[in-house]
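Single-letter residue listing:
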Amino acid sequence: MARPRKFEEDLAIEAAMRAFWSAGYEATSTQDLCAATGLGRSSIYNTFASKHDLFERSLRHYMDERNAGLAELMEGELPIREKIRTVLWWAVEPDPRDPAGCLVVNSLVELGPRDPEIAELLRRDNDKRVGIVRTALEAARTRGELGADRDPLALARFLAATVSGLRVTARGGADRATLESIANTALSAF
């Protein structure tokens, strides 16, 4: 019995996401996508309108996964400082099965300046992540975990920028001690 098409699409999107994450959009060829997904060229183009369509769907998949994890953490019961530390350590100590860096950050650098559709998608994603963290910081301020003089929006933006910087630094080959020193310095702001 054949697998349902939706199942195959989900697997292909996950595999393509990892290929794009590893090499970037431009450097990932159709042949690379065929190898990653196990699909033939015609199956890829019959299922997805184009390489760009597959990339966009892969990027959305990545964003949805990461934002769901962030929201779950930020809505949980941990003290705010522990939540922030967890987010920072996701960048310091990523899953060893994942490619280095971050698909969002890589895409922002590679495509953001010249692909308005992807740039807008990335902007909305950043706004969403900042909003999730801002809400948690506002709640923490209300509970007295964060000083009344602290700006939750500025801190949420700072955290997003720091995590992005950590991902770039990691992709550039920085060692764990370097990443930890950056994360610990950022954590002191909270």
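Throughout what follows, the structure given in this document is the object of discussion. Computed from a predicted model, the values in this text were never measured in an experiment.

Calculation criteria
Residues numbered from 1 in each chain as written. Predicted model: local features only at pLDDT ≥ 70, side-chain atom pairs only at ≥ 80, totals over all residues. Heavy atoms only, no water. Helix = DSSP H or I, 4+ residues; strand = E, 2+ residues; numbered from the N terminus. Buried < 20%, exposed > 50% of the residue type's maximum accessible area, 1.4 Å probe, protein only. Lys, Arg positive; Asp, Glu negative; His and termini not counted. Charge placed at Lys NZ, Arg CZ, Asp CG, Glu CD. 1 Å grid on protein atoms, 1.4 Å probe; cavity = no way out; pocket = protein on both sides within 12 Å on 5 of 7 lines; lining within 4 Å. Points joined across faces, edges and corners; volume = space filled by probe spheres on them. Nonpolar A, V, L, I, M, F, W, Y, C, P; charged D, E, K, R; others polar. Axes fitted to C-alpha atoms, helices over the stretch in contact; angles between N-to-C directions. Parallel < 35°, antiparallel > 145°, perpendicular 65-115°, else oblique. Left-handed = near helix turned anticlockwise from the far one by under 90°. Contact = heavy atoms within 4.5 Å. Phe/Tyr/Trp six-rings, centres within 6.5 Å; stacked < 30°, edge-to-face > 60°. Lys NZ or Arg CZ within 6 Å of the ring centre and 35° of its normal.

1. Quick word on the overall build of the chain
So, point 1. The secondary structure content of the chain amounts to nine helices and zero strands.
So, point 2. Ordering the α and β elements of the chain from the N terminus gives α-α-α-α-α-α-α-α-α.
So, point 3. Dimensions of the chain along its principal axes, counting C-alpha atoms only, are 60 × 35 × 35 Å.
So, point 4. Expressed as a percentage of its 190 residues, the buried residues of the chain come to 41%.
So, point 5. The distance from the centre of the 26 positive side-chain charges to the centre of the 29 negative ones in the chain is 1 Å.

2. Remarks on the layout of surface pockets
So, point 1. Roughly 530 Å³ of volume is contained in the largest pocket.
So, point 2. Along the wall of the largest pocket there are 28 residues; nearest its centre are R66, W90, R129, V163 and R167.
So, point 3. Of all the secondary structure elements, the ones that give two or more residues to the lining of the largest pocket are α4 (51–75), α5 (80–92), α6 (103–110), α7 (116–143) and α8 (152–171).
So, point 4. Broken down by element, the residue count for the lining of the largest pocket peaks at seven residues, all from α4.
So, point 5. By residue class, the composition of the lining of the largest pocket is 16 nonpolar, four polar and eight charged.
So, point 6. What the second largest pocket holds in volume is close to 160 Å³.
So, point 7. As for the second largest pocket, its lining consists of V104, V105, L108, L122, R123, N126, R129, V130, R157, A160, A161 and S164.

3. Looking at the environment of A177
So, point 1. In this structure, A177 sits in helix α9 (residues 176–187).
So, point 2. Taking the C-alpha atoms as reference points, A177 and P79, 98 residues apart in sequence, are found 25 Å from one another.

4. As for the packing of α6 against α7
So, point 1. Relative orientation of the contacting elements α6 and α7 amounts to 140 degrees, with a least axis distance of 11 Å. It follows from the interaxial angle that α6 and α7 lie oblique. When the axes of α6 and α7 are compared, the crossing they make is left-handed. Of the residues in α7, those in contact with V104, S107 and L108 of α6 are L122, D125 and R129.

5. Considerations on the packing of aromatic side chains
Two descriptors summarise a pair of aromatic rings, namely the distance from one centre to the other and the angle between the planes of the rings.
So, point 1. Applying the stated criterion to the full structure yields five aromatic pairs.
So, point 2. The interplanar angle of 65 degrees and the centroid separation of 5.1 Å between the aromatic rings of Y25 and F55 together place this pair among those described as edge-to-face. Taken together, the residues Y25 in the loop between α1 (5–23) and α2 (30–37) and F55 in helix α4 connect sequence positions 30 residues apart. The burial state of Y25 is the same as that of F55; both residues are buried.
So, point 3. With a centroid separation of 6.4 Å and an interplanar angle of 35 degrees, the aromatic rings of F158 and F190 are classed as tilted. Remark: F190 occurs in the segment after α9 and F158 occurs in helix α8; sequence separation between them is 32 residues.
So, point 4. For F158, a relative accessible area of 35% translates into the label partly exposed.
So, point 5. Here F190 falls in the buried class, since its relative accessible area comes to 12%.
So, point 6. Through a chain of ring-to-ring contacts, three or more aromatic side chains come together here, namely F20, Y25 and F55.
So, point 7. When the ring centre of Y25 is taken as reference, the NZ or CZ atom of K51 above it lies at 4.5 Å.
So, point 8. Lying across the ring of W89, R85 places its NZ or CZ 4.1 Å from the centre.

Geometric values such as these leave the question of function open.
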